[in-house]
Amino acid sequence: MVTIYDGKPGLSRRELLKRGGIGALLVISGSAVISPENAWGLETSALKPETMATLIQMARDIYPHDQVPDKYYAIAVKGHDEQAGKDAAYKTMIEDGIADLDKKSGEGGYRGLGWEEQRVAVLQQIEATPFFQSIRGGLVVSLYNQQEVWPIFGYEGESYSKGGYIARGFDDIEWL
Amino acid sequence: MAASFDLKNDNVVVIIGSGAGGGTLGNELAQKGVDVVILEAGARHEYEDFINDEWGSFSQLAWTDKRTTSGDWRVSKDFPNLPAWIVKSVGGSTTHWAGASLRFQEHEFKTLSTYGKVEGANLLDWPVTLAEMEPYYAKAEAKMGVTGTNNWPRLPGNNNFKVLKAGADKLGYKECHTGNMAINSVERDDRNSCQQTGFCFQGCKWGAKWSTLYTEIPKGEATGHLEVRPNAMAIKINHDAAGKVTGVVYADKDGKLQEQKARVVAVAGNSIESPRLLLNSESAKFPHGLANSSGQVGKNYMRHTTGSVYAIFDRPVHMYRGTTMAGIIRDEARHDPSRGFVGGYEFETLSLGLPFMAAFLNPGGWGRSFTTALDHYDHMAGLWIVGEDMPRAENRITLHKDEKDAHGMPIADVHFDDHPNDTAMRNHAYKQATALYDAVGATRSFPTPPYPSTHNLGTNRMSEKAEDGVVNQHGQAHDIKNLFVSDGSQFTTGAAENPTLTIVSLAIRQAEYIASQMSAKTI
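The model shown is predicted, which means the values in this text are computed figures rather than measured ones. Counting from 1, residues in each chain are numbered in the order their sequence is written. Labels are handed out in written order, letters beginning with A for the chains and numbers beginning with 1 for the ligands. The predicted nature of this model means local features are confined to residues of pLDDT at least 70 and side-chain atom pairs, given and counted, to a pLDDT of 80 or more, with totals for whole chains, interfaces and linings taken over all residues.

Digging into the overall build of chain B
For the record, the criterion: A run of H or I in DSSP becomes a helix once it reaches four residues, and a run of E becomes a strand once it reaches two; helices and strands are each numbered from the N terminus. Using C-alpha atoms as the atom set, the radius of gyration is obtained and then compared with a globule rule of 2.2 Å times the number of residues to the power 0.38. Around each residue's C-beta, the other C-beta atoms within 10 Å are counted; 20 or more make the residue buried, 12 or fewer make it exposed, and counts in between make it partly exposed. All C-beta atoms are placed from the backbone. Here contacts are defined at the residue level, using C-beta atoms placed from the backbone and a cut-off of 7 Å between them.
A count of helices and strands for chain B gives 12 helices and 17 strands. Taking 523 residues into account, the globule formula puts the C-alpha radius of gyration at 24 Å, and chain B, at 22 Å, falls close to it. Principal axes of the C-alpha set define a box for chain B whose edges measure 70 × 50 × 45 Å. A burial count over chain B gives 60% of its 523 residues as buried. Sequence-distant contacts, at least 24 apart, represent 75% of the contacts inside chain B between residues at least 6 apart.

Digging into the overall build of chain A
Check the secondary structure of chain A and you find eight helices and four strands. When each of the 176 residues of chain A is scored for burial, the buried share is 35%. In chain A, the proportion of contacts linking residues at least 24 apart, taken out of those at least 6 apart, comes to 57%.

Some words on the interface of chain A and chain B
Condition: Here the term charged refers only to Asp, Glu, Lys and Arg, the term nonpolar to Ala, Val, Leu, Ile, Met, Phe, Trp, Tyr, Cys and Pro, and the term polar to all other amino acids, Gly among them.
Across the contact, 28 residues belong to chain A and 35 residues belong to chain B. At the level of secondary structure, the elements contributing two or more residues to the side of chain A that touches chain B comprise helix 7 (130-142) and helix 8 (150-153) of chain A. Ranked by residues supplied to the side of chain A that touches chain B, first place goes to helix 7 of chain A with three residues. Grouping the amino acids of the side of chain A that touches chain B by side-chain chemistry returns 17 nonpolar, seven polar and four charged.

Overview of the nonpolar core
Rule in force here: A set of buried residues qualifies as a nonpolar core if it consists of Ala, Val, Leu, Ile, Met, Phe, Trp, Tyr and Cys joined through C-beta atoms within 7 Å.
Counting 189 residues, the largest nonpolar core has A:I56, A:A59, B:V13, B:V14, B:V36 and B:V265 as the members making the most contacts within it. Not counting chain neighbours up to four residues away, the residues in contact with B:V14 comprise B:V37, B:L39, B:V248, B:Q260, B:A262 and B:V265.

So, the environment of B:K139
Residue and element names in this part refer to chain B. Note that K139 resides in helix 5 (residues 130-144). Classification of K139 by C-beta neighbours within 10 Å gives partly exposed; the count is 15. For the pair K139 and I508, spaced 369 residues apart in the sequence, the C-alpha separation amounts to 8.0 Å.

Details of helix 8 (residues 270-280) of chain B
In terms of residue burial, helix 8 of chain B counts as a mostly covered element, since 10 of its 11 residues are buried. For helix 8 of chain B, the complete set of buried residues consists of B:N270, B:S271, B:I272, B:E273, B:S274, B:P275, B:R276, B:L277, B:L278 and B:L279.

Quick look at unusual backbone geometry
Outside of glycine, negative phi angles account for most residues, and trans bonds account for most peptide bonds. Residue and element names in this part refer to chain B. Of note in the backbone geometry, N270 takes a positive phi value of approximately 80° without being a glycine. Relative to the assigned elements, N270 resides in helix 8. Positive phi outside glycine occurs at H304, with the angle close to 60°. Examined against the element boundaries, H304 turns out to sit in the loop between helix 8 and strand 10 (305-312).

Overview of the pairing of strand 1 (residues 13-16) of chain B
All names here are of chain B. Rules: Strands are treated as partners if at least two bridges between them are detected by DSSP. Handedness of a crossover is defined as follows: orient the strands so they point away from the viewer, and if the path from the first strand over the helix to the second runs clockwise, the crossover is right-handed.
Along strand 1, one buried face is formed by V13 and I15 and the opposite face, lined by V14 and I16, is buried too. Inspection of the sheet shows strand 1 paired to strand 2 (residues 36-39) by four bridges, in the parallel sense. Within strand 2, the position partnered with I15 by the bridge is I38. Since strand 1 and strand 2 lie parallel, the crossover through helix 1 (residues 20-31) that links them has a hand, and here it is right-handed. Bridge count between strand 1 and strand 9 (residues 264-267): four bridges; the pairing is parallel. Its bridge partner being in strand 9, I16 is matched across the sheet by V267.

Quick look at the pairing of strand 3 (residues 32-35) of chain A
All names here are of chain A. Side chains A32 and I34 of strand 3 all project onto a buried face; the interleaved residues V33 and S35 project onto the opposite face, where all are buried too. With three bridges connecting them, strand 2 (residues 27-29) and strand 3 associate as antiparallel partners. In the sheet register, S29 faces strand 3, and the bridge partner there is A32. As consecutive antiparallel partners, strand 2 and strand 3 are separated by two residues, and within that stretch G30 has a phi angle of approximately 60°, a positive value. Counting the residues between successive antiparallel strands, the hairpin from strand 3 to strand 4 (residues 40-43) contains four residues, one of them, A39, with a positive phi of roughly 60°.

Overview of the sheet that holds strand 2 of chain B
Residues and elements named next belong to chain B. Here is the rule: Axes here refer to lines fitted to C-alpha atoms; in helices the fit is confined to the stretch in contact. Angles between the N-to-C directions go from 0 to 180 degrees.
In spatial order, the strands read 5-2-1-9-17; together these five strands make up an open sheet with parallel pairing. The open sheet has two edge strands with one neighbour each: strand 5 (226-229) and strand 17 (483-485). This sheet shows a mean twist of 20° between the axes of neighbouring strands, independent of strand direction.

Brief notes about helix 2 (residues 49-62) of chain A
The periodicity of an α-helix, 3.6 residues per turn, causes residues three or four positions apart to be oriented the same way. Note the threshold: To estimate how far a helix should reach, multiply one less than its number of residues by 1.5 Å.
A rise of 1.5 Å per residue sets the reference length of helix 2 of chain A, with its 14 residues, at 20 Å; its end C-alpha atoms lie 20 Å apart and thus fit the reference within 8%. Among the 14 residues of helix 2 of chain A, 13 are classified as buried, and the element is accordingly described as predominantly covered.

Focus: the environment of A:Q125
Within the secondary structure, A:Q125 sits in helix 6 (residues 116-125). For A:Q125 and A:L101, which are 24 residues apart along the polypeptide, the C-alpha to C-alpha distance reads 9.2 Å.

A look at the sheet that holds strand 13 (residues 380-387) of chain B
All names here are of chain B. Across the sheet, six strands lie side by side as 4-11-12-13-10-16; this open sheet has antiparallel pairing. The sheet is open, and its two edges are formed by strand 4 (176-177) and strand 16 (444-448), each paired on a single side. When strand 10 meets strand 16, the two strands line up antiparallel, connected through five bridges. Within strand 16, the residue paired with I312 across the bridge is R444. Across the sheet, helix 6 (residues 159-171) lies against strand 4, strand 11 (328-329), strand 12 (345-349) and strand 13, angled at about 70° from strand 13, the strand it touches most.

Quick word on the confidence of the model for chain A
All names here are of chain A. Formally: pLDDT measures how confident the predictor is about each residue, on a scale from 0 to 100.
For chain A, per-residue confidence averages 89 on the pLDDT scale, and 86% of positions sit at 70 or higher. Note on residues 7-11: pLDDT is under 50 here. Beyond four places in sequence and across chains, it has seven contacts. Note that pLDDT drops below 50 for residues 19-23; the model gives that stretch five contacts with residues more than four away or on any other chain.

Describing the confidence of the model for chain B
Residue-level pLDDT values for chain B average 98, and 100% of them are 70 or greater. Model confidence for the complex is summarised by a pTM of 0.96, with the ipTM given as 0.95.

Observations concerning the packing of helix 1 of chain B against helix 12 (residues 500-519) of chain B
Residues and elements named next belong to chain B. The following threshold applies: Two helices crossing with the near one rotated counterclockwise from the far one by less than a right angle form a left-handed crossing, whereas a clockwise rotation gives a right-handed crossing.
Axis separation between helix 1 and helix 12 bottoms out at 8 Å; the angle between their running directions is 35°. Considering how the two elements wind past one another, helix 1 and helix 12 form a crossing that is right-handed. Within the contact between the two elements, helix 1 uses A20, G21, T24, L25, E28 and L29 and helix 12 uses T500, I503, V504, A507, I508, Q510, A511, I514 and A515. A per-class count over the contact of helix 1 with helix 12 returns 10 nonpolar, four polar and one charged.

So this is what it looks like as structure tokens:
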């Protein structure tokens with residue numbers, strides 16, 4: 001099981017590693033990926049936590065939205081840990097895929113590449129692989145189907161319970 | 001009170017499918033006192049059960065049984081097992097459709113004589129004319145509450161429509177309005193009027209949009225002559241030694257095979273399932289499948305020439321508010337070969353919610369070019385292109401050689417290649433739509449590829465001569481008198497218009513014919 005420890009200040013996981021210090025993006029601790037800056041952590045059970053941290057970065061590089069916090073990318077990829085726990089071949093595909101990504105990225109690995117363009121160049125090399133397609137194909141649903149991210153994009157979601165938009169701006173455009 | 005008929009009752013008309021064709025035919029026959037059993041593969045979800053959530057609703061309503069695809073269409077690459085976005089539920093795709101209800105144009109019933117022979121296309125005139133269809137179009141519009149007919153007002157335009165209209169005016173298009181929609185603009189028929197909720201594709205939770213689920217079907221049931229049997233997946237149509245059909249074998253809700261005896265069988269499972277069922281009903285007498293002496297069953301699969309254009313503006317639009325298909329431009333629907341293609345197309349506004357926009361804007365796309373489009377989702381307007389595509393013998397539904405479904409029935413393979421005419425039309429439409437949005441100040445436009453098909457047509461087509469098609473002008477099989485086709489698969493050609501109004505009109509007309517033939521004891 002993957003657990004997302006969420007956000008009230010001073011919560012679990014040893015106060016989320018005492019909230020980091022240097023503004024590191026994601027910190028690995030035991031079996032968890034932790035975002036000390038933003039007070040959330042994600043515990044893995046099948047995949048290596050380093051693998052999960054790389055998956056989160058990879059998810060952001062595939063669908064980069066600067067206004068969407070890491071937490072939602074973490075939620076979007078956590079299903080791979082669950083799937084890996086049930087399916088050894090799947091686990092191998094993910095671990096091997098990430099190892100390959102790191103190898104192609106040079107000494108510091110994928111997460112060691114400082115610019116998005118550098119990481120995207122590596123992703124483009126593996127774009128046709130089942131590994132990449134599996135991550136991207138899952139992500140396009142698991143990222144954008146989170147109701148919590150919809151307001152960031154200005155999408156209002158369900159409207160029936162509010163009586164539709166007949167009195168809530170269906171024709172409120174003013175700039176034409 | 002809904003009827004309940006015995007499996008051995010061989011005096012019933014068995015209809016396969018409860019959508020625009022099957023649901024309408026069932027009610028029309030029941031109103032005339034004919035006993036009807038509708039076998040519906042899906043479950044019965046009433047309109048209060050619908051879900052204002054794209055993926056959630058897709059799970060509830062969509063036909064997701066596996067199909068395979070081949071051909072050069074992009075759907076085959078991006079959605080290899082989802083060629084069509086249609087529904088498996090009581091009401092069929094009338095739960096999902098947007099409501100656009102347009103009559104075909106006169107020449108669209110006569111494409112071969114109007115367009116002439118088009119290389120690589122299998123054009124044919126319908127054995128029906130617009131003049132013959134007009135009284136039935138009028139009945140269908142009255143039944144469905146089509147706005148802009150019968151003095152029912154058109155719907156008010158939403159933000160997405162207002163952008164479309166502003167662009168249409170700038171480009172000089174003359175025929176742009178909020179459409180002829182089978183969505184109540186006023187309360188009528190004991191149903192609500194449109195509340196501009198959006199989510200038309202997810203089933204109208206107000207019941208304002210016409211669907212057989214809460215109009216034809218309960219009205220038919222109230223006569224005591226109609227039974228709708230949900231979770232009943234038709235597998236095979238049986239026949240006797242004389243070649244008349246005698247009953248339908250189906251898998252019931254527990255997966256057990258049953259046979260419902262029948263006096264008449266009408267197939268209305270949409271243009272993938274209907275030919276699949278006929279082909280799967282092969283026998284020693286009909287080795288190539290039922291009604292297939294012409295070899296045309298499954299051929300001439302059409303899906304309309306479609307595509308979308310979305311555009312981003314520097315100020316907000318909120319296109320998702322209100323009716324999904326909120327307006328139309330009809331100027332390009334004419335036949336005018338000077339544009340470089342035969343036939344025409346309509347522009348109709350369309351919007352998708354964020355989850356489906358991500359899935360369909362550029363399937364397989366990733367990186368900043370893709371995501372910066374979504375970043376401005378609330379500044380986006382969009383439209384859909386729907387135009388006439390060319391029937392081609394090689395675009396067809398076949399039974400898969402190896403793969404079978406849960407009931408042991410071969411799954412369907414859908415093969416489709418664009419005809420050069422389709423590509424020329426789509427490119428013309430992309431260019432016009434981009435110019436339209438540019439004229440209103442779009443900062444970026446997205447010519448978006450076709451979605452999995454919603455308008456599936458033509459695979460059991462009508463023809464005057466038996467050798468050219470599967471059914472005659474009444475949807476009656478050329479080969480078998482008491483076998484009918486009642487859905488869009490009987491379309492000879494596709495026309496530029498959304499097909500539902502024509503399917504419903506044909507069903508009303510067919511019901512008159514079936515009832516009269518039954519009275520005359522010819523079937």
